[in-house]
Amino acid sequence: MDLFDYTIAIWNETNVKLQSGGWEELILEFEGKLNFKFPNDFKTFYLKINGFVDCDWNKNMFSLWSLERIFEEYKFNQNDNYIGFCDYLINSHSIGYMKNENGIFINTVDEKICETFEEFIDLLNNNSEKLY
């Protein structure tokens, strides 16, 4: 089982409410709205699930956003270079991409926490200190 399927299985076992996977056209639509091309590993994951239902969270209080929520949060974000996709503790801080840099960042400090979405999922599974 690959990391993404393993993660989804864990979330299902712990009753995290997951949205059905997106489809290529939906991802392309939001890439256009955001003027940003999501990395392939992000797209692969979002084809499997489109984030958590509403504002549900995992056991460590992280919530993975749907594409629709990613766009809604982006519209109200003061930094149009930042595209969040996950938050901690009801938006204490968010985690996402910077349009002009590779990697994944925490928005409150613009600190890079990892290079890829797959690495982010692994950090999330292991409740890494880097996420805080």
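Before any of the text, the structure's been laid out above.
The following paragraphs examine the structure supplied in this document. (Residues numbered from 1 in each chain as written. Predicted model: local features only at pLDDT ≥ 70, side-chain atom pairs only at ≥ 80, totals over all residues. Heavy atoms only, no water.)

**Brief notes about the environment of Met98**
Heads up, the condition is: Where helices and strands are cited, they refer to DSSP runs of H or I of at least four residues and of E of at least two residues respectively, numbered from the N terminus. Whether a residue is buried, partly exposed or exposed follows from its accessible area with a 1.4 Å probe, protein chains only, as a fraction of its type maximum: under 20%, in between, or over 50%, in that order. The contact criterion used is simple: two residues touch if any of their non-hydrogen atoms lie within 4.5 Å.
With respect to the secondary-structure elements, Met98 resides in strand 5 (residues 93–98). You can call Met98 buried: its relative accessible area is 6%. A C-alpha to C-alpha distance of 8.9 Å links Met98 and Asp80, two positions 18 residues apart in sequence. Leaving out residues up to four positions away in the same chain, Met98 has contacts with Phe36, Asn79, Asn81, Tyr82, Phe105 and Asp110.

**Details of the nonpolar core**
Generally speaking, a soluble globular protein has its nonpolar side chains buried in company with each other. The cut-off we apply is this: Definition of nonpolar core: a set of buried residues of the types Ala, Val, Leu, Ile, Met, Phe, Trp, Tyr and Cys, connected through side-chain atoms within 4.5 Å.
Counting 39 residues, the largest nonpolar core has Leu64, Phe85, Phe117 and Phe120 as its most contacted members. Considering each element in turn, this core owes the most residues, five residues, to helix 5 (residues 117–125). Residues in contact with Phe85, not counting those within four places in the same chain, are Phe42, Tyr46, Ser63, Leu64, Trp65, Ile70, Ile95, Gly96, Tyr97, Ile104, Phe117 and Phe120.

**Some details on the pattern of salt bridges**
Let me state the cut-off plainly: When a carboxyl oxygen of Asp or Glu lies within 4 Å of a side-chain nitrogen of Lys or Arg, that pair is called a salt bridge.
By the definition in use, this model includes seven salt bridges. Between Glu29 and Lys33 there is a salt bridge, with the nearest N and O atoms lying 3.2 Å from each other. Of this pair, Glu29 and Lys33 both sit in helix 2 (residues 24–34), separated by four residues, roughly a single helical turn. Looking at Glu29, the relative accessible area reads 39%, which means it is partly exposed. We note a salt bridge from Arg69 to Glu73, for which the minimum N-O separation is 3.1 Å. Of this pair, Arg69 and Glu73 both sit in helix 4 (residues 67–76), separated by four residues, roughly a single helical turn. Classification of Arg69 by relative accessible area gives buried; the value is 17%. On the basis of relative accessible area, Glu73 is assigned to the partly exposed category, the value being 26%. Taken together, the shared-partner salt bridges in this structure form one network comprising Arg69, Glu73 and Asp87.

**Re the packing of helix 3 (residues 40–48) against helix 5**
Condition: A fitted line through C-alpha atoms represents every axis, and for helices the fit uses only the stretch in contact; the resulting angles, taken between N-to-C directions, go from 0 to 180 degrees. Throughout this description, any angle smaller than 35 degrees is read as roughly parallel, any larger than 145 degrees as roughly antiparallel, any in the 65 to 115 degree range as roughly perpendicular, and the remainder as oblique. Polarity classes work like this: nonpolar for Ala, Val, Leu, Ile, Met, Phe, Trp, Tyr, Cys and Pro, charged for Asp, Glu, Lys and Arg, and polar for all others, with Gly in that last group.
For the pair helix 3 and helix 5, the least separation of the axes is 7 Å and the interaxial angle reads 60°. In terms of their interaxial angle, helix 3 and helix 5 are classed as oblique. Counting all contacts with helix 3, which are made through Asp41, Phe42, Phe45 and Tyr46, the residues of helix 5 involved are Phe117, Glu118 and Ile121. When grouped by side-chain class, the residues that make up the contact of helix 3 with helix 5 number five nonpolar, no polar and two charged.

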